[in-house]
Amino acid sequence: MTSKTILVTGASAGFGAATARCFAQAGWRVIAFARRADRLQQLAEEFGANIHTAAFDIRDEGAMQIALDALPAEFRAIDVLVNNAGLALGTAKAPHCDLAQWRQMIDTNITALATLTHHLLPTLIERRGAIVNISSVAGTYPYTGGNVYGASKAFVTQFSLDLRCDLHGTGVRVTSVEPGMAQTEFTLVRTGGDQAASDKLYQGAMPITGHDIAETIWWLANLPPHLNINRIEVMPVTQSFAGFQVARAG
Ligand code: NDP
Ligand code: 8X3
């Protein structure tokens, strides 16, 4: 058992739900944020007093502030912030993309992440805590149809490294976790609910699981305090890199 507290955004599914379960099972106090209240309620019923949940849209700064203000006293000393809530929308090439989807990705993956981090920095500095930002291989390796999603994750990776600079000497750790293909609700969301497309992508590929990433975050959070993993890139063995493309004349 520990007296430590972790805040996980996007705790209703995928990496976030697995991470909330992993830490709650180990006796951490877990703050779980997401929009879907029913999913969060399941977590609350599983873990009782170890879990505090708040259902709101992370893009809504007012709702975020209300959720933070409403934290019970025993959940206020946050040691680890996992900025996980995020999404990709669409797979089309840039000229065919929906601008509203681009905005939603920017607002969620970038603006909300930076806003929550800003709100929690004083606590994390006081606690000599840790920030784990869920980026992606898409932030490093461009692919067709990645456009704003990939760019939003490049922000997350670079923001993590820049936070390391600004938090120099505070004892606060910052890590950018950069997974490759993982089977969660990610593709269902990206394709607007196309279960067949999601199944097809993961079929036979032995993708990363939510549990794999939860265990990575567990390892990061429990490292000796003198160590910082700056970036960690995780891929399934079955996934690697494609080459450049060339458009030829004629
Ligand atoms: P899921 O779709 O399974 O989970 C996404 C989580 O983000 C959900 O809990 C969802 O909760 C939450 N979320 C999305 N939008 C909002 C919002 N506006 N407000 C609050 N919560 C929100 O996908 P993953 O677990 O795969 O994704 C988690 C993170 O990992 C994302 O940042 C994603 O980009 C990243 N990632 C995923 C990879 C993959 O292949 N799966 C690989 C690399 C990175 P709710 O809908 O209830 O609000
Ligand atoms: C999710 C991984 O390769 O689908 O960030 O963009 S990928």
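This text goes with the structure placed above it.
Presented here is an overview of the structure given in this document.

Scoring rules and cut-offs
Residues numbered from 1 in each chain as written. Chains lettered and ligands numbered in written order. Predicted model: local features only at pLDDT ≥ 70, side-chain atom pairs only at ≥ 80, totals over all residues. Heavy atoms only, no water. Pairing = 2+ DSSP bridges. Helix = DSSP H or I, 4+ residues; strand = E, 2+ residues; numbered from the N terminus. Axes fitted to C-alpha atoms, helices over the stretch in contact; angles between N-to-C directions. Contact = heavy atoms within 4.5 Å. Buried < 20%, exposed > 50% of the residue type's maximum accessible area, 1.4 Å probe, protein only. Near = heavy atom within 4 Å. Polar contact = N/O pair within 3.5 Å; in protein donor to acceptor, adjacent residues only side chain to side chain. Areas by Shrake-Rupley, 256 points an atom, 1.4 Å probe, with all protein chains shown as cover. Nonpolar A, V, L, I, M, F, W, Y, C, P; charged D, E, K, R; others polar.

### Some thoughts on the sheet that holds strand E6 (residues 173-179)
Reading across the sheet, the seven strands line up as E3-E2-E1-E4-E5-E6-E7 and stay open at both edges, with parallel pairing between neighbours. The sheet terminates laterally at strand E3 (51-55) and strand E7 (231-234), the two strands that pair on one side only. On average, each strand axis in the sheet is tilted by 15° relative to the strand beside it, whichever way the strands run. Both strand E1 (residues 5-9) and strand E4 (residues 80-83) contribute to a ladder of three bridges, which runs parallel. Counterpart to Leu7 in the pairing with E4 is Leu81. The sheet strands contacting helix H8 (residues 210-221) are E4, strand E5 (130-134), E6 and E7, and the helix crosses E6 at an angle near 160°.

### Quick word on unusual backbone geometry
Of note, Arg128 is a non-glycine position whose phi angle comes to about 50°, a positive value. Using a relative accessible area of 56% as the deciding quantity, one classes Arg128 as exposed. For Met206, which is not a glycine, the phi torsion comes out positive at approximately 45°. Within the secondary structure, Met206 sits in the loop between helix H7 (195-202) and H8.

### Regarding the site of ligand 2
Every residue near ligand 2 is listed here: Ser136, Ala138, Tyr143, Tyr149, Phe186 and Arg190. Take Ser136: an N or O atom from its side chain is 2.5 Å from an oxygen atom of ligand 2. Residue Tyr149 places a side-chain N or O atom 2.6 Å away from an oxygen atom belonging to ligand 2. For ligand 2, whose accessible area on its own is 240 Å², the fraction buried by protein is 80%. When the residues that make up the shell around ligand 2 are grouped by side-chain class, the tally is four nonpolar, one polar and one charged.

### Side note on the site of ligand 1
Around ligand 1 sit 30 residues, and of these Ser12, Arg35, Arg36, Tyr149 and Thr184 come closest. Taking Arg35, its side chain carries an N or O atom lying 2.6 Å from an oxygen atom of ligand 1. Contact with the protein chains covers 96% of the free accessible surface of ligand 1, which is 880 Å².

Remember, this is a structural readout, not a statement about activity or role.
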